Amino acid sequence: MNIVILTGAGISAESGLGTFRDAGGLWARFRIEDVATPEAYARDPARVHAFYAMRRHEAAKAGPNAAHHAIARLEADPRHRVTLITQNVDALHEAAGSRPLHMHGTLAGALCAACGHRWTAPLAMDETTPCPACDRTTSRPDVVWFGEVPRHLDEIDAALSAADLFVAIGTSGEVYPAAGFVELAAAAGAETLELNLEPTSSRFDRRLTGPATRTVPDWVE
Ligand code: BV8
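Residues numbered from 1 in each chain as written. Predicted model: local features only at pLDDT ≥ 70, side-chain atom pairs only at ≥ 80, totals over all residues. Heavy atoms only, no water.

As annotated in an unreviewed UniProt entry, the protein chain carries the name NAD-dependent protein deacylase and is attributed to Histidinibacterium lentulum. Taken verbatim from the UniProt record of the protein chain, the Function (unreviewed entry) comment is "NAD-dependent lysine deacetylase and desuccinylase that specifically removes acetyl and succinyl groups on target proteins. Modulates the activities of several proteins which are inactive in their acylated form." UniProt, in the comment section headed Subcellular location (unreviewed entry), describes the protein chain in these words: "Cytoplasm". (UniProt positions renumbered as here; feature names shortened; annotations may be inferred.)

Asker: Hey, could you go over the sheet that holds strand 9 (residues 206–209) for me, with residue numbers and the actual values?
Answerer: One key point about sheets: their strands pair by backbone hydrogen bonds, in either a parallel or an antiparallel sense. Pairing within the open sheet is parallel, and its six strands lie in the order 3-2-1-7-8-9. Of all the strands in the sheet, the pair left with one neighbour each is strand 3 (101–102) and strand 9. Where strand 8 (residues 191–196) meets strand 9, four bridges bridge the pair, whose relative direction is parallel. Directly across from L193, in strand 9, lies its bridge partner R206. (Pairing = 2+ DSSP bridges. Helix = DSSP H or I, 4+ residues; strand = E, 2+ residues; numbered from the N terminus.)

Asker: Just give me the short version of the UniProt feature "active site" (unreviewed entry) in the protein chain, but keep the residues and values in it.
Answerer: According to UniProt, the feature "active site" (unreviewed entry) maps to H104 in the numbering used here. If you trace the backbone, H104 turns up in the loop between strand 3 and strand 4 (105–112). Sequence-distant contacts of H104, that is, excluding residues within four places in its chain, are made with T86, Q87, V89, V143, V144, P150 and V175. Within polar-contact distance, the side chain of H104 engages the backbone oxygen of Q87 at 3.2 Å. (Contact = heavy atoms within 4.5 Å. Polar contact = N/O pair within 3.5 Å; in protein donor to acceptor, adjacent residues only side chain to side chain.)

Asker: Describe in detail the sheet that holds strand 6 (residues 139–143), supporting the description with residues and values.
Answerer: Here three strands make up an open sheet; going across it, the order is 5-4-6 and the pairing antiparallel. The sheet is open, and its two borders are formed by strand 5 (118–120) and strand 6, each paired with just one other strand. When the angles between neighbouring strand axes are averaged without regard to direction, this sheet yields 45 degrees. Where strand 4 and strand 5 come together, three bridges link them in antiparallel fashion. Counted as the bridge partner of L111 is R118 from strand 5. The sheet strands contacting helix 5 (residues 45–61) are strand 4 and strand 6, and the helix crosses strand 6 at an angle near 55 degrees. (Axes fitted to C-alpha atoms, helices over the stretch in contact; angles between N-to-C directions.)

Pasting the structure below:
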């Protein structure tokens, strides 16, 4: 069976990483316009770097939970062809043994805004960190900000059009194009399933409600 899985911040919540739109979430404490757009970086790179340095430090302390491990077990099952897409920029899927498509980039990555060079972000990267290739102080986190083009879209489109089952785990379904994947999968004839703390919409054929560390292992087993 061809299974496409889309994960969001909710799958990492029980690993101690904040979500965006839950009470007390990141967007309750920071404005997207101040920390997660190219304009914010151009206007105040120090503020953007401080936001991502905080998240790198938090991510460095977090470990994969039962939901990440259950997905890795499913990927190892030869009866299924699993495509794992994550909106998350943490490395918890990798820590559980998965190789996800990071459509919004990764906290671990650094990108030079001037020459395009990519390298592993030092934990303390900030606006004074020089690019190892061109030596200019134009380092930025290698993530996809609002208004920037998400990654791996061709591979994602191909997987969605061949999907037998589409599963969205721990995502509010508010950010596009990821939020539209359920419709693309349904149009291709896939069954759609949502695993979330609470139902986000009626766009799914089925849903399992509860914390991901319970619902994902239950579903995988
Ligand atoms: C694009 C960066 C064009 C890294 C993120 C005006 C101008 C420009 C663009 C737009 C515009 N208007 C609309 C757009 C499009 C825009 C968009 O969708 N805006 C929204 C706000 C309306 N999208 C873009 O700009 C995208 N680019 O459109 O380019 C294009 C497109 C296609 C082809 C060519 C060109 C770029 C979007 C990427 C933005 N970057 N992150 C970072 O800082 O992390 S998005 C950000 O939100 C994170 O990546 C996050 O993953 C993502 C989605 O959030 P969720 O993961 O769903 O998290 P959330 O907190 O919302 O929800 C958590 C869920 O978990 C909840 O449902 C909760 O119930 C559940 N949960 C909680 N605990 C648990 C749980 N579930 C289970 N168990 C638990 N324990």
